[in-house]
Amino acid sequence: TTEIYTLSLHAALPISLPVPSNPSCPVTTPEQNKRLVIDFYQTVFNRQEFSQIDRFMAENMIEHNPNERDGREEFKNNIPVLLSQTPKGSLVIAQSAADGNLVWLHSKLPVFGKDFVLADIFRVECGKIVEHWDVQQEMVPSTVNPHPYF
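The present account deals with the structure reproduced in this document. (Residues numbered from 1 in each chain as written. Predicted model: local features only at pLDDT ≥ 70, side-chain atom pairs only at ≥ 80, totals over all residues. Heavy atoms only, no water.)

Looking only at helices and strands, the protein has four helices and five strands in total. Along the chain direction, N to C, the helices and strands of the protein fall in the order α-α-α-β-α-β-β-β-β. For the protein, the residues scored as buried account for 32% of the 150 residues in total. For the protein, the proportion of contacts with a sequence separation of at least 24, taken over those separated by at least 6, is 51%. Carbon and sulfur atoms provide 55% of the accessible area of the protein, an area that totals close to 9700 Å². (Helix = DSSP H or I, 4+ residues; strand = E, 2+ residues; numbered from the N terminus. Buried < 20%, exposed > 50% of the residue type's maximum accessible area, 1.4 Å probe, protein only. Contact = heavy atoms within 4.5 Å. Areas by Shrake-Rupley, 256 points an atom, 1.4 Å probe, with all protein chains shown as cover.)

Below is the structure:
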């Protein structure tokens, strides 16, 4: 016999769901939000123009990566170190999508001599990135299945 088990993620894990956009902000479309996040990645990760971070990120940005602290200043302090050995222009965005104020990017970034696949989710409010989640995976030369990373 085959037994089927179902796991309800809502009961098992505390999940932070996006909140509605601030009503005092101008309404933006999913496409505008996606453009903002892609411009952020191109400006900060590819061109390494760290002085432009304030243009894209809210001061009190919420960070869900367990290795990073909340806030724009924390990001501004950490990103130059992270990208110190990453050649400019080496980030590749393979896929992007947006739904309301949430934007997803699936990308490749070399960091400290290793290639990583990234899945990032951003919440945009008032024309700024206000929240970020990510999953990172090192790209290994051989895998147990034939499926590509992208």
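After that view, the rundown keeps rolling.
Looking now at the pattern of salt bridges. In total, this model carries nine salt bridges according to the counting rule given. One salt bridge connects Arg72 with Asp54, and the closest N-O pair in it is separated by 3.1 Å. With Arg72 in helix H4 (residues 72-82) and Asp54 in helix H3 (residues 53-56), this residue pair connects regions lying 18 residues apart in the sequence. You can call Arg72 buried: its relative accessible area is 13%. The network of salt bridges with common partners includes Asp54, Arg72, Glu73 and Lys76. (Salt bridge = Lys/Arg side-chain N within 4 Å of Asp/Glu carboxyl O.)

For the structure shown, the criterion picks out one disulfide. With a sulfur-sulfur separation of 1.4 Å, Cys25 is cross-linked through a disulfide to Cys126. Residue Cys25 is found in the loop between helix H1 (9-12) and helix H2 (30-46), and its partner Cys126 is found in the loop between strand S4 (114-125) and strand S5 (128-138); the two are separated by 101 residues along the sequence. Exposure remark for Cys25: the relative accessible area of 13% places this residue in the buried category. Here Cys126 falls in the partly exposed class, since its relative accessible area comes to 38%. (Disulfide = S-S within 2.5 Å.)

Strand direction decides the pairing type here: strand S2 (residues 92-99) and strand S3 (residues 102-111), joined by seven bridges, are antiparallel. Note on S3: the bridge partner recorded for Val92 is Lys108. Counting the residues that bridge the hairpin from S2 to S3 gives two residues, and of these Gly100 lies at a positive phi of roughly 65°. (Pairing = 2+ DSSP bridges.)

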